[in-house]
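# Structural features, examined
Now for the letters of each chain:
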Amino acid sequence: RLVVGVTVQEHGAMEPWELRGKAYEQEYSRRIMWCLDRGYEYVEANLSAKGLTEGHDDRDKEGFARIVEAISGTVWSSAIMEPKKTKQLKA
C-alpha cells in the first residue's frame, strides 16, 4: 500500500522543503503520520526529467524509482498465470 506525493521541479531548483520551510515540514510530518497510522508507505516523487531518471540503480530506491519498484513487485489480481511447462524424461 503506497501513498504518493508529487512535485515537479527542474534541475537546479531548490528542494520543496527549502522553498516552503516550516509549513512544509509540518505538512510532510502530517502525511507521514497518516500513512504510519494506516499501514501505508509514503513516497514523495519529483516528476521532472531528472527526477524520473535518477535512482533506478540504487539498492534502496527513493522517489519515482521506488514507485516503479513497488508497482513492478506487485502481483495484480487480474494477472493470469501461465501454464507450467513440464519436461518429459526420455526413456
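In what follows, the structure referred to is the one given above.
The next subject is the overall build of the protein. The helix and strand tally for the protein stands at 4 helices and 2 strands. Taken across its 91 residues, the protein has 19% of its residues classed as buried. Across the protein, the fraction of contacts at a sequence separation of at least 24, relative to all contacts at a separation of at least 6, is 54%. Within the structure as shown, the protein displays about 7,900 Å² of accessible surface, and the carbon and sulfur contribution to it stands at 54%.

Another aspect to go through is the packing of aromatic side chains. Working definition: an aromatic ring pair is given by the centre-to-centre distance plus the angle between the planes. Under the defined criterion, the tally for this structure stands at 2 aromatic pairs. Pairing Y28 with Y42 gives two aromatic rings, centres 5.8 Å apart and planes at 70°, and the pair type is edge-to-face. Highlighted residues: Y28 in helix α2 (residues 22-38) and Y42 in strand β2 (residues 41-46), separated in sequence by 14 residues. Take Y28: its relative accessible area is 36%, and that puts it in the partly exposed class.

Cut-offs used in this document
Residues numbered from 1 in each chain as written. Predicted model: local features only at pLDDT ≥ 70, side-chain atom pairs only at ≥ 80, totals over all residues. Heavy atoms only, no water. Helix = DSSP H or I, 4+ residues; strand = E, 2+ residues; numbered from the N terminus. Buried < 20%, exposed > 50% of the residue type's maximum accessible area, 1.4 Å probe, protein only. Contact = heavy atoms within 4.5 Å. Areas by Shrake-Rupley, 256 points an atom, 1.4 Å probe, with all protein chains shown as cover. Phe/Tyr/Trp six-rings, centres within 6.5 Å; stacked < 30°, edge-to-face > 60°.

Nothing here speaks to function; it is geometry throughout.
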